[in-house]
Amino acid sequence: MSFLSRLFRKTPSPSAAPVASRPSASGPKPDPVAPKPDAAARAIASAAEERSLQAAIDARDFQVLARLVVEGTSTKTRQSAAHAIDDAEVLRQLVRDTRGGNDKGVYKILTTKREQLLEQSRQREQLQAEIAASAAALERHSQRPHDVLYGSSLEQFERRWNAVADQADPELRARVQQWVDQSRTTIADHVREAEALAARNQAAAEAAAEAARLRDQQMLESAAAAAESEQALEAQQRALREKQQAEQQALRQIAGLVRKAGDALSEGSTARAAGVRKAIDDKLAGAPSLPPALAAQIQQLDQRLLEFQDWKRFSVAPKRAELITEMELLVGADFEPLALADKIKSLRDEWRTLGKGVADGTDENLEADWQRFNDAAQKAYLPCSEYFAAQARIREDNLRHRDAILARLTTFELEQDWSQPGDRIDWRAIIKLLRDAKEEWRQHTPVEREAGKLQQDKFSAVTASLQGRLDAEYARDIKLKESLIARAQALIASDDGRKAIETVKDLQQKWRLVGPVPREADQRLWTAFRQHSDAVFQKRQQEFDAFTASLENNKAQAIAVCEKLEAFAALAHQESAEHQGQLAELRSAFEALGEFPRADTQALRKRFDRGVERCEAALARQRARDAERSWHDLFAAANQVRAYRLAVACNQDPQQVESLKQAAEAFITAARRWPRNGLEALRRNLARTDSDDLAANETALRMLCIRAEILTDVPTPPEDQALRREYQLQRLVQRMGQGARTDDAQLDALAIEWVDVGPVEASVHDPLLQRFLRCRERGHAKAA
């Protein structure tokens, strides 16, 4: 059973009696001298009303509670009934029906409860929306493939779901848990795949390193074996030659040494001569017998050498002391290590030169001087030892770094899939790798000579291999760019300039996608390509100039249209229909102009839009004034019709009645515009011939005022409050469960009903008309 049906089948509560006994606004007035009910009767009625209220509250009977809100005899009863209602639809209808009434407290309670219920409903909807959104996010996430943000996104979605999970139903929680588990499985699978890939990569790297080590070891072993074989062969050949030539050269060598020693003595170098003489003794041990002339030369050499040694023994001692002093001064001296080493070596060479001249052992201070000189040399050489040790470590480090560079290049070359198309290989990365490797190779120098030579050979081989592949790619890319140059050159003769421009732009994009070429070739090719491209663009220049001129012409016409529009806006209040057509013509003229200069397009369109808005606003104001004038004329005509029909109802002089009728018809005919259905209502009212009930007409006008006051939230005068409550109760019953709507159309419909009502006295009509017009003004102000 519906709420409306239950309302009419309920037994009326005791509080309904006062409402039923209230007089109608159009019925007979209560007798002022009638006896009032006594206090006991009022107490009984109040108690019965309280019991009815409590029973309705206990039974949650919203029909009875709604009737008590409207008809309750006391403020406490009405407010208690309002507090007890928590049905949103009943509250909404009661708020509309009590709006503008005298009991502001009840209206405030109803609106407060309505807002509370709406807020609770909004919160429930927001919670359900959040639950659905967080669950949907987890479902979508479980179906996504893994990426770098997969784990963090899952944590964020889980935190969002956990915040609302307690309010979700168990079935949804179970599904969400499945989606979370599926996402975690995806993460675990990705971790396993990543670990497996890392293991494969590690194994491949280790295999490549082991292969390189084995190749290096094999190369070293092969080189060592070859060197050993070559040395053995060379030793055999050398021994054979020495054996064959020993006897023939022995005498020549001794003779040469004798001459050499004589030359040394002639130059004053006794030490060098003594050394040569010792070498002669060594040769004599294994030489055949000497010829007499050679033996005499040797004897003469010995005599000269002895004489020179005796002479130098007395001149060398001061020079040794000088060398010792210089060497001792070098101990702790602030020299660069290399310069210090050179200085020490120079002093040692001078010492050896002096010592060779007196090497016969006759100088008793020679050994002590040598020991002092040597100790000072060793102390002075300590910084050089540290420096050269550090240089040795640097050379070892450079060897290790070069080994790493070589291994990196070798591994890179082995890992590349050279069988794939050239455009799928990252040649720029190869260029950078070669450039960086060579630069880094040069930075790690010096190195040990022999090991460095082997490294350099390997490095040159792998870089030459990569450079060969790169040169092949250079040749392919040069051919591609030459083909693009030929296509650009062919476009110069094209008649379709726009298509040629688009094609050149496409060729420029393709040019950027072509792989690398050497710098010199790239500059040469780019110059040729740019020259042909510029020629194509120059052909379009004249067309562009013509297009620019057309844009300037459109701009001038647009400015003229805007000036006409601005002048038209000042006159739009005169003839609305004519100006509406002119506005449409100006709008069409502006749109037909097409494009404008880019820098002026926005300003021109804004100026045009502002002019259109001003014209439309002026036309709208004029239409509003025309509409308001039509309603004013409608009420004025209705007043003349009222005067005519009132004269008929009061049986006034027929001539005066006819005069009033002609005046009304003339006014109606003279008006240029009427509201919708207004003219029909006037003619219908003017043509009526039935008798008029002035009291009923007054009641109808009062009801129209009350309806307008309810629609516009305007308070009703005290004398019509009872009539308003009775109407509100009827509307509550009729419109229970339906929405209410207030707009200008309802007020206009009430105005047409006003025109249709029969005549009343002017003293009654004029105050009611003012009430009605105030409601219309209030309604229009709220709509605006």
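Okay, so let's go over this structure.

1. Some words on the overall build of the protein
When helices and strands are tallied, the protein shows 25 helices and 0 strands. Long-range contacts, defined here as pairs at least 24 residues apart, represent 75% of the contacts in the protein between residues at least 6 apart. Looking at the protein as shown, the accessible area adds up to about 47800 Å², and 53% of this sits on carbon and sulfur atoms.

2. Here we look at a nonpolar patch on the surface
A surface patch of nonpolar side chains, about 250 Å² in accessible area, is lined by M219, L220 and L454. If you trace the backbone, L454 turns up in helix α15 (residues 449–490). Taking relative accessible area as the criterion, L454 reaches 32% and is therefore assigned partly exposed.

3. What about empty space enclosed by the protein?
As enumerated under the stated definition, the model contains 1 cavity of 30 Å³ or more in all. A volume near 80 Å³ is recorded for the largest cavity. Residue lining of the largest cavity: A638, N639, R642, N685, L701, W754, V755, V757, G758, P759, V760 and H765, and that is the complete set. Elements represented by at least two residues in the lining of the largest cavity include exactly α19 (598–649) and α24 (744–756). At 3 residues, the largest contribution of residues to the lining of the largest cavity is made by α19. Of the residues contributing to the lining of the largest cavity, the split by class is 7 nonpolar, 4 polar and 1 charged.

4. Digging into the nonpolar core
Among the nonpolar cores identified, the biggest contains 35 residues, and I668, W674, L682, W754 and F772 are the most heavily contacted of them. Contributions of two or more residues to this core are made by α19, α20 (654–670), α21 (678–687), α22 (694–712), α24 and α25 (762–783). Those residues in contact with W754 that lie beyond four places of it in its chain are F635, L701, L704, C705, H765, L768, L769 and F772. Within the second largest apolar cluster, 21 residues are counted, among which are A66, A81, V90 and L732.

5. Some details on the environment of R348
Checked against the element boundaries, R348 lands in helix α12 (residues 337–357). Residue class for R348 comes out partly exposed when judged on its relative accessible area of 21%. Sequence separation between R348 and A377 is 29 residues, and the spatial gap between their C-alpha atoms is 8.2 Å. Contact partners of R348, with chain neighbours within four places excluded, come to W370, F373, N374, A377 and Q378.

6. Description of helix α3 (residues 39–59)
The terminal C-alpha atoms of α3, which comprises 21 residues, lie 30 Å apart, in line with the 30 Å expected from a rise of 1.5 Å per residue. Against α4 (62–71) and α5 (75–84) lie the buried residues of α3. Where α3 terminates, the next one or two residues include R60, which has phi positive at roughly 55 degrees.

Rules behind the numbers
- Residues numbered from 1 in each chain as written.
- Predicted model: local features only at pLDDT ≥ 70, side-chain atom pairs only at ≥ 80, totals over all residues.
- Heavy atoms only, no water.
- Helix = DSSP H or I, 4+ residues; strand = E, 2+ residues; numbered from the N terminus.
- Contact = heavy atoms within 4.5 Å.
- Areas by Shrake-Rupley, 256 points an atom, 1.4 Å probe, with all protein chains shown as cover.
- Patch = residues over 30% accessible without salt bridge, like charges linked within 9 Å, V, L, I, M, F, W, Y side chains within 5 Å.
- Salt bridge = Lys/Arg side-chain N within 4 Å of Asp/Glu carboxyl O.
- Buried < 20%, exposed > 50% of the residue type's maximum accessible area, 1.4 Å probe, protein only.
- 1 Å grid on protein atoms, 1.4 Å probe; cavity = no way out; pocket = protein on both sides within 12 Å on 5 of 7 lines; lining within 4 Å.
- Points joined across faces, edges and corners; volume = space filled by probe spheres on them.
- Nonpolar A, V, L, I, M, F, W, Y, C, P; charged D, E, K, R; others polar.
- Core = buried A, V, L, I, M, F, W, Y, C linked by side-chain atoms within 4.5 Å.
- Expected span 1.5 Å × (residues − 1).

Note that all results are geometric; they support no functional claim without further evidence.
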